[in-house]
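# Report on the structure
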Amino acid sequence: MTVNKSNETRFKHNFKIFITFGILFELMNSFYMPFAIKFLERVGGTEFDISLFNSMKGLIMIFAVLPGVFYINRHDDKKKVTSNFVLIVTILVLSLVVIPFLPGAIRPFSFILIMTLMTIPTSIYNASYQNFTGDLFPVRRAQVIAKRSMYTIVFTTVFTLISGLIFKYVPKTDDQRLIIYQIFFVLAFVLGLVAVYVFNKFDYSPAPTHKRYEFKGSFTRVFSNKRFKKFVLSSTIFHFGWQMGWPLFSIYMIKTLGADELWLAIINIGSASVMFLGHKIWPKMIDTYGNEKIATICTLGMALTPILYALSPNLLVLTVVSTVTGFFTAGTITVLFSDMLEVTPTENRIVYVGYYNTATNITLAISPFVGLFFLNRFGIVGALFITAGFRFIGGLAFYLRERSERKYLEKQQ
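Residues numbered from 1 in each chain as written. Predicted model: local features only at pLDDT ≥ 70, side-chain atom pairs only at ≥ 80, totals over all residues. Heavy atoms only, no water.

From N to C terminus, the protein includes 14 helices and 0 strands. Counted from the first residue to the last, the protein has its helices and strands arranged as α-α-α-α-α-α-α-α-α-α-α-α-α-α. The C-alpha atoms of the protein give a radius of gyration of 21 Å, which matches the 22 Å a tight globule of 413 residues would have. Scored against the burial criterion, the 413 residues of the protein give a buried share of 58%. Partitioning the contacts of the protein with sequence separation of at least 6, the portion at a separation of at least 24 is 88%. Counting every atom, the protein has about 17,900 Å² of accessible surface; 67% of that belongs to carbon and sulfur. Mean positive and mean negative side-chain charge positions of the protein (40 and 22 charges, respectively) differ by 3 Å. (Helix = DSSP H or I, 4+ residues; strand = E, 2+ residues; numbered from the N terminus. Rg over C-alpha atoms; globule rule 2.2 N^0.38 Å. Buried < 20%, exposed > 50% of the residue type's maximum accessible area, 1.4 Å probe, protein only. Contact = heavy atoms within 4.5 Å. Areas by Shrake-Rupley, 256 points an atom, 1.4 Å probe, with all protein chains shown as cover. Lys, Arg positive; Asp, Glu negative; His and termini not counted. Charge placed at Lys NZ, Arg CZ, Asp CG, Glu CD.)

Structure representation (C-alpha cells):
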C-alpha cells in the first residue's frame, strides 16, 4: 500500500475490505449461530440451559471486556491486535466439533462452556473492531455500517436457507444431523481463516495515542463525558429488555411452536429481508434527523416484537411477524453503533467502548434469568408481554435523553 493515496481512494479500498471481511465473518457465524439453540436442544439442553447459554455470555464478558480493551489500548497497531482475536475465535469454533463425541450427560454443559469461552475473545474483538471502525471511517459512518449489514444480509440469508434445507432433507437420523453440524463447524473454521487474511488487507496507519488512559481513574474520566453517560444509561436500560427476550423467543419458536432448523432458517430469512430494506432507509433517516431521534423511534418500535411473537399462533404467522420486526431491528443495530461512535472521543475511544460494552454485558448476565422467572411464573405468553413492557421503558429512556439533548442545544443557541 502506498502511503500517499488520496483520502477518497483509501476510503474506497477500506470500504471494500470492510464489506468483504464483514461477509466472511458473518458467514462464519452463520454456520453455527442461527442453529445454536436448536443444537443445544438436540444434545439434551433444557429451558434452563437455553437461559444459561445467553446469561453466561454476558457474565463472562463483564470480566473480560475491560482487561481486554486496556490491553488493546496499550498497542498502537489496532489492526494486528484485532486480527489476532478473530483468529482465536476461529480456533474455538473448530473445538465445537468434539461435542457429539462426548457422553450425553455432559454435552449441553460442554457446548455452553465452549460458547462461553468463545465469548471472551469475541467480546474483546467487538470492542476493538468498533474502535477500529471509528478510526477507519471518521465520516459517513452510518452509511458504511448499513452498507456492510446489507451485503452480509444477502449472503447470510442465502446460506441460511440452504443450510435449513440441508438439515431438513439430507440427514435421516439425529446422529446424521449431528454430523452435519460438525461439518458446518469445520467450514466455519475455514471461513474464519480466510476472514483473518482479508482483515489484514486494511490500509491502516496506526496513530500513536499520546495520553493513554490507565485503568485507575478511568471510570471517572469516561463518565465525566455527559453525552456518553446519557447514551450509556439509555442504552443499558433498553438492552435489559432487549436481551430479556432473546431466550424467550427461542423457547417460543422451538419449544412452543416446534420449529426445526428449516423453520428457523425461514424465520431468519423473513427478518433479514426486511432488515435489508431497513439498512437502506435508516441511514438516510439518521442523516436527516440525527442519532438521538432515530434511536428513540427504533427502540420504541422494538417493543412491538415480543407482543407480535405472543400473538403468533403458528410458525407461518411468526414468519410474517419477523418481517415486520426486522425493520426496527435493522435501525436499532445501525443507530446504536453510529450513536456510540458519535458520543465517544477519538483518543482512547476503545476505553469508552469497553465501559459501554461492559454495561450492556451486565444486563445480558441478568436479564435472561429475569425472563426465565417470568416464564415460570406467568407462562411464555405472559413473559413476552412483560418483556415488551421493559423494552418500552428502554425506548422511553432514549426519548428522555433526546429531549434533554434538544433542550441543551436550545439553551446554547
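Read on for the rest.
Moving on, we come to the packing of helix 3 (residues 47-73) against helix 5 (residues 107-136). Running from N to C, helix 3 and helix 5 cross one another at 35 degrees; their axes reach a closest spacing of 7 Å. Considering how the two elements wind past one another, helix 3 and helix 5 form a crossing that is right-handed. Residues Asp49, Leu52, Phe53, Met56, Lys57, Ile60, Met61, Ala64, Val65, Gly68, Val69 and Ile72 of helix 3 form the contact with helix 5, whose own contacting residues are Pro108, Phe111, Ile112, Met115, Thr116, Thr119, Ile120, Ser123, Ile124, Ala127 and Ser128. The class makeup of the residues in the contact of helix 3 with helix 5 is 16 nonpolar, 5 polar and 2 charged. (Axes fitted to C-alpha atoms, helices over the stretch in contact; angles between N-to-C directions. Left-handed = near helix turned anticlockwise from the far one by under 90°. Nonpolar A, V, L, I, M, F, W, Y, C, P; charged D, E, K, R; others polar.)

Turning our attention to the nonpolar core. Judged by nonpolar contacts, the single largest core of 122 residues is most densely connected at Phe21 and Phe111. Counting residues per element, this core draws most heavily on helix 14 (residues 349-412), which supplies 15 residues. Not counting the four nearest positions on each side in its chain, Phe21 is found in contact with Val86, Tyr125, Tyr129, Ala195, Val198 and Phe199. (Core = buried A, V, L, I, M, F, W, Y, C linked by side-chain atoms within 4.5 Å.)

Attention now goes to the pattern of salt bridges. Pairs can form between side chains of opposite charge once their charged atoms are near each other. Counted by the stated rule, this structure contains 12 salt bridges. For Asp260, the salt bridge goes to Lys168, with nearest N and O atoms at 3.1 Å. Residue Asp260 is found in the loop between helix 9 (226-256) and helix 10 (261-289), and its partner Lys168 is found in helix 6 (residues 141-169); the two are separated by 92 residues along the sequence. Looking at Lys168, the relative accessible area reads 39%, which means it is partly exposed. For Asp339, the salt bridge goes to Arg401, with nearest N and O atoms at 2.6 Å. Here Asp339, found in helix 13 (residues 315-342), pairs with Arg401, found in helix 14; they are 62 residues apart in sequence, far enough to count as distant. Exposure class is identical for Asp339 and Arg401. Each is buried. Salt bridges here are not isolated pairs; linked through shared partners, they connect Arg42, Asp174, Arg177 and Glu261. (Salt bridge = Lys/Arg side-chain N within 4 Å of Asp/Glu carboxyl O.)

Attention shifts here to the side chain of Thr116. Its location among the elements puts Thr116 in helix 5. Beyond its immediate stretch of four places on either side in the chain, Thr116 contacts Met56 and Ile60.

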